Amino acid sequence: MFMEMNDEEIVQVTELPESFTSLCNKRLPKSSQQPLEYLSQRGIKKEEILMWKMGYCTEGRYSGRIIVPSFNNSGDLNYFIARSYAGHRMKYLNPPVSKNIVFNELYVDWDEPVVIVEGVFDAITVGQNGIPILGSSLREESKLFQALVLNDTPIYLALDEDAKKKQNYLIRLFHRYDADLKIIDTSNVEDVGSMSKEQFNKRLSSACEPDIDDINFYSQLAKI
């Protein structure tokens, strides 16, 4: 793990775990059966494995985990997600680098609408322009927020239903920048990643603009 510097900013670059095995190869070892079964159970298909360049580990710190890498604009690895497929108590194990990145920025088309979700498996359901915020918070000074504002990108927000307070905060924040924002209904599902693509696309097509007056009213009411 190291940091590179150019004239404008410090660029985060990291490395995949030593025992990383790609699931994108034509010939796979027997150890790939369990991670492939896990992904299949989540409805993730071969083309999505290839698109997101997934792999897994069988040894070391990330043993028994699916690895989903992230690449910056230069094509360098800047982060990865390590999700357990072997029943670990901790489902996710983060690498020791900053989360302040645009996950898989290399593949984002800023001229097309972007769907902001919480986790990587939510983004996989969305497709290429699904960007995980790696949690349920997005700070104004974060690289993702700044990129969305600078590119004037249309935004769909699809946070989990239990993150309404944080969603309303983001709605107010984006409203301050006059962003083109719509909200995708995530009620009655665990998260976006638990939906089929058909279910998600149906909800995407019915996304609507938030009522900022209502949100401001209830925000003030909560302070009383």
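Use the structure listed above.
Computed from a prediction, not measured in an experiment: that's the story for all the values here. (Residues numbered from 1 in each chain as written. Predicted model: local features only at pLDDT ≥ 70, side-chain atom pairs only at ≥ 80, totals over all residues. Heavy atoms only, no water.)

## Describing the overall build of the protein chain
In step 1: For the protein chain, the helix and strand inventory stands at seven helices and ten strands.
In step 2: On C-alpha atoms alone, the protein chain measures out to a radius of gyration of 18 Å, which is about the 17 Å that the 2.2 N^0.38 rule sets for 224 residues.
In step 3: Viewed in the frame of its principal axes, the protein chain has a C-alpha envelope of about 55 × 45 × 35 Å.
In step 4: Burial status across the protein chain gives 46% buried among its 224 residues.
In step 5: When contacts within the protein chain are restricted to residue pairs at least 6 apart in sequence, long-range pairs at least 24 apart make up 60% of them.
In step 6: Accessible area for the protein chain stands at about 12,800 Å²; split by element, carbon and sulfur atoms hold 47% of it.
In step 7: Here the protein chain carries 25 positive and 33 negative side-chain charges, and the mean point of each set is 8 Å from the other. (Helix = DSSP H or I, 4+ residues; strand = E, 2+ residues; numbered from the N terminus. Rg over C-alpha atoms; globule rule 2.2 N^0.38 Å. Buried < 20%, exposed > 50% of the residue type's maximum accessible area, 1.4 Å probe, protein only. Contact = heavy atoms within 4.5 Å. Areas by Shrake-Rupley, 256 points an atom, 1.4 Å probe, with all protein chains shown as cover. Lys, Arg positive; Asp, Glu negative; His and termini not counted. Charge placed at Lys NZ, Arg CZ, Asp CG, Glu CD.)

## Description of the sheet that holds strand β7 (residues 114-117)
In step 1: In space, the four strands of this open sheet follow the order β8-β7-β9-β10, with parallel pairing throughout. Among the strands making up the open sheet, the edge pair consists of β8 (130-132) and β10 (181-183). Neighbouring strand axes in the sheet, compared pairwise and without regard to direction, differ in orientation by 25° on average.
In step 2: With three bridges connecting them, strand β9 (residues 155-157) and β10 associate as parallel partners. Within β10, the position partnered with Y156 by the bridge is K182. (Pairing = 2+ DSSP bridges. Axes fitted to C-alpha atoms, helices over the stretch in contact; angles between N-to-C directions.)

## Regarding the packing of aromatic side chains
For any pair of aromatic rings, geometry is given as the distance between the ring centres together with the angle between the planes.
In step 1: Summed over the entire model, instances satisfying the criterion amount to four aromatic pairs.
In step 2: With a centroid separation of 6.5 Å and 90° between ring planes, the pair formed by Y38 and F121 is classed as edge-to-face. Placement of Y38 in helix α1 (residues 33-41) and of F121 in helix α3 (residues 120-126) is noted, with a sequence separation of 83 residues between them.
In step 3: Judged by centre distance (5.2 Å) and plane angle (80°), the rings of Y62 and F80 are edge-to-face. (Phe/Tyr/Trp six-rings, centres within 6.5 Å; stacked < 30°, edge-to-face > 60°.)

## Thoughts on unusual backbone geometry
In step 1: Phi angles above zero are rare outside glycine, and K53 is one such case at about 55°.
In step 2: Structurally, the position occupied by K53 is in the loop between α2 (46-51) and β4 (55-57).
In step 3: Residue K53 is classed as partly exposed on the basis of its relative accessible area of 32%.
In step 4: Of note in the backbone geometry, N104 takes a positive phi value of approximately 55° without being a glycine.
In step 5: Relative to the elements of secondary structure, N104 occurs in the loop between β6 (77-84) and β7.

## Here we look at the layout of surface pockets
In step 1: One number sums up the size of the largest pocket: a volume of about 480 Å³.
In step 2: Lining the largest pocket are 21 residues, with Y92, G119, V120, D122 and D191 sitting closest to its centre.
In step 3: When contributions to the lining of the largest pocket are tallied by element, the ones reaching two or more residues are β6 and α3.
In step 4: Among the residues forming the lining of the largest pocket, the class breakdown is seven nonpolar, five polar and nine charged. (1 Å grid on protein atoms, 1.4 Å probe; cavity = no way out; pocket = protein on both sides within 12 Å on 5 of 7 lines; lining within 4 Å. Points joined across faces, edges and corners; volume = space filled by probe spheres on them. Nonpolar A, V, L, I, M, F, W, Y, C, P; charged D, E, K, R; others polar.)

## Things to note about α1
Residues spaced three or four apart along an α-helix face the same direction, because each turn holds 3.6 residues.
In step 1: Of all the positions in α1, only P35, Y38 and L39 are classed as buried. Buried residues of α1, viewed axially, fall in a sector of 95°; they line one side. Those residues of α1 that are exposed and aimed more than 90 degrees away from the buried face are S40 and Q41.
In step 2: Residues of α1 that are buried make contact with α2, β4, β5 (65-71), β6 and α3. (Arc of directions from axis to C-beta.)

## Topic: the pairing of β5
In step 1: A large share of β5 lies buried, amounting to seven of its seven residues.
In step 2: Burial of the side chains of β5 extends over both faces: R65, I67, P69 and F71 are buried on one face and I66, V68 and S70 on the other.
In step 3: In terms of strand pairing, β4 meets β5 through three bridges, oriented antiparallel. Bridge pairing links G55 to I67 in β5.
In step 4: Between β5 and β6, which pair antiparallel and follow one another directly, the connecting turn spans five residues, one of which, G75, has a positive phi of 85°.

## What about the side chain of D160?
In step 1: Relative to the elements of secondary structure, D160 occurs in the loop between β9 and α5 (164-176).
In step 2: It turns out D160 is buried and unbridged, and the closest side chain with the opposite charge, R42, is 9.7 Å from it. (Salt bridge = Lys/Arg side-chain N within 4 Å of Asp/Glu carboxyl O.)

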